[in-house]
Every structure is written in C-alpha cells, then in structure tokens.
Amino acid sequence: MRQMLTIAETSAQVEARIVEAHAEIEEADRENFTRRVALLIESLNSTAIDVTKLLSNDVTDSDWNAYLKGDRGVFTRRAVRLLDAGEAREILRHYNNDPEFGDQVNRYVHDFEGMLRNVLATRAGSALGVTLLSSDMGKLYVALAQAIERLRA
C-alpha cells in the first residue's frame, strides 16, 4: 500500500513538473515571438522611411521630430497617405526603373510577409493577422504589393 502511495505521489510530482515545463516553454516562445515581431516592425518602419523619401522628396522637419521623439510609424502613415489607387502604375514604373526603390519595396514586402507568417503560426494568428493587415503597415504592404503585382494572381 505504501509503495502504491509513493508511486502515486511521484506520478503527481512528475505530472506537475511536466505542466510547469510546458508553461516555461510557452512563455519562452511568447518572448521569442515578441522579440522577432518587434525587430520586424522596426525594420518595416525603417524601410518605410526610405520608401517615403523615394515617393516624396519633401520630408518635413516635423515628421523627423516626431520620429526622433518615438513615433516610429510616422513615415509609414505618411507613405500610406502618399499612395492612392491611381498611383499604382507610377509605383510600378518607379519600381522597375529605380533599383534603390525596388530594393526598398522588396525589403518591405519581404519583411511584412515574414512577420505575417510568424503571426499566423500562433494560436490567435488569424485575429492578429487581420489587425496587422488593417494597420498602416499593412495598408502600405498591400498598396506596394498590389502596385508591383505581387498580390495579383
């Protein structure tokens, strides 16, 4: 009887340790995911600066001041405002004729798609994916990807 109680206690301890280990792994995965997404967002915002500069030569001091004060999305929002449906042909022309612009657009599209893949691989990925696509970063991604015919199939 005592051996059975000892086995039961040991089993309970092992099960508790397994649950604890799973929780630790999930926490580490969340932290790793958060770190990867934060780096991708920073990369996207950085690339948006270059895309904005290439779309419009008049980047204002107030935009730079906002960026330097921590508003990392200011150039992404500005790029989205610079784009409209009629500019898709102009973006494609610029993309095909200006290698620097093409590289920046390719980098933005690649980084956004990488972040989206990471997000969609999580449990709540669908909802987060919709949020990402409806954000300014997502709108810029869709506009650029459509302009260069990445999303047309």
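A quick note: this is a predicted structure, and the numbers were derived from the prediction, not measured.

Rules of the game
Residues numbered from 1 in each chain as written. Predicted model: local features only at pLDDT ≥ 70, side-chain atom pairs only at ≥ 80, totals over all residues. Heavy atoms only, no water. Helix = DSSP H or I, 4+ residues; strand = E, 2+ residues; numbered from the N terminus. Contact = heavy atoms within 4.5 Å. Areas by Shrake-Rupley, 256 points an atom, 1.4 Å probe, with all protein chains shown as cover. Core = buried A, V, L, I, M, F, W, Y, C linked by side-chain atoms within 4.5 Å. Buried < 20%, exposed > 50% of the residue type's maximum accessible area, 1.4 Å probe, protein only. Axes fitted to C-alpha atoms, helices over the stretch in contact; angles between N-to-C directions. Parallel < 35°, antiparallel > 145°, perpendicular 65-115°, else oblique. Left-handed = near helix turned anticlockwise from the far one by under 90°. Nonpolar A, V, L, I, M, F, W, Y, C, P; charged D, E, K, R; others polar. Phe/Tyr/Trp six-rings, centres within 6.5 Å; stacked < 30°, edge-to-face > 60°. Salt bridge = Lys/Arg side-chain N within 4 Å of Asp/Glu carboxyl O.

Engineer: Describe in detail the overall build of the chain, supporting the description with residues and values.
Structural biologist: Check the secondary structure of the chain and you find seven helices and zero strands. The N-to-C order of helical and strand elements in the chain reads α-α-α-α-α-α-α. The contacts in the chain between residues at least 6 apart in sequence include a share of 65% that link residues at least 24 apart. When the accessible area of the chain is evaluated, it comes to approximately 10000 Å², of which 55% is carbon and sulfur surface.

Engineer: Help me get a handle on the nonpolar core, residues and values and all.
Structural biologist: Within the largest apolar cluster, 25 residues are counted, with the highest numbers of intra-cluster contacts made by V105, Y108, V109, F112, M115 and L144. Elements represented by at least two residues in this core include exactly α1 (2-55), α4 (88-97), α5 (99-120) and α7 (136-147).

Engineer: Pulling in residues and values, what's your account of the packing of α5 against α7?
Structural biologist: The interhelical angle for the contact between α5 and α7, taken along N-to-C directions, is 125°, at an axis separation of 10 Å. Viewed along their axes, α5 and α7 adopt a mutual orientation that is oblique. Here the hand of the crossing between α5 and α7 comes out left-handed. Side by side, α5 and α7 meet where V105, Y108, V109, F112, E113 and M115 of the first sit next to M137, G138, L140, Y141, L144 and A145 of the second. Residue composition of the contact of α5 with α7, grouped by class: ten nonpolar, one polar and one charged.

Engineer: Mind laying out the side chain of D111, listing which residues take part and the relevant values?
Structural biologist: Locating D111 in the fold gives a position in helix α5. D111 gets classed as buried once you look at its relative accessible area, which sits at 11%.

Engineer: How would you summarise the packing of aromatic side chains if you had to cite specific residues and measurements?
Structural biologist: Evaluation of the coordinates by the stated rule reveals one aromatic pair. For the pair F112 and Y141, a centre-to-centre distance of 4.5 Å together with 20° between the ring planes defines the contact as stacked. Of the two residues, F112 is situated in helix α5 and Y141 in helix α7; the sequence distance between them amounts to 29 residues. Considered together, F112 and Y141 belong to a single accessibility category, that of buried residues.

Engineer: Explain the environment of V51 residue by residue, including any values.
Structural biologist: Secondary-structure assignment places V51 in helix α1. When the C-alpha atoms of V51 and V105 are compared, they prove to be 7.0 Å apart, with 54 residues separating the residues in sequence. Discounting residues that sit within four places of it in the chain, V51 has contacts with F101, Q104 and L144.

Engineer: So what's going on with the pattern of salt bridges? Which residues, and what values?
Structural biologist: Taken as a whole and assessed by the stated rule, the structure comprises three salt bridges. As a salt-bridge pair, R17 and E24 come within 3.6 Å of each other at their nearest N and O atoms. Residue class for R17 comes out partly exposed when judged on its relative accessible area of 43%. Close ionic contact of D111 with R107 constitutes a salt bridge, the shortest N to O distance being 3.9 Å.

Engineer: A description of the packing of helix α6 (residues 125-134) against α7 should follow, citing residues and the corresponding values.
Structural biologist: Look at α6 against α7: their axes get within 4 Å of each other, and the N-to-C directions meet at 75°. In terms of orientation, α6 and α7 fall into the roughly perpendicular class. Here L132, L133 and S134 of α6 lie close against α7, whose contacting residues are D136, G138, K139, Y141 and V142. For the contact of α6 with α7, the per-class residue count stands at four nonpolar, two polar and two charged.

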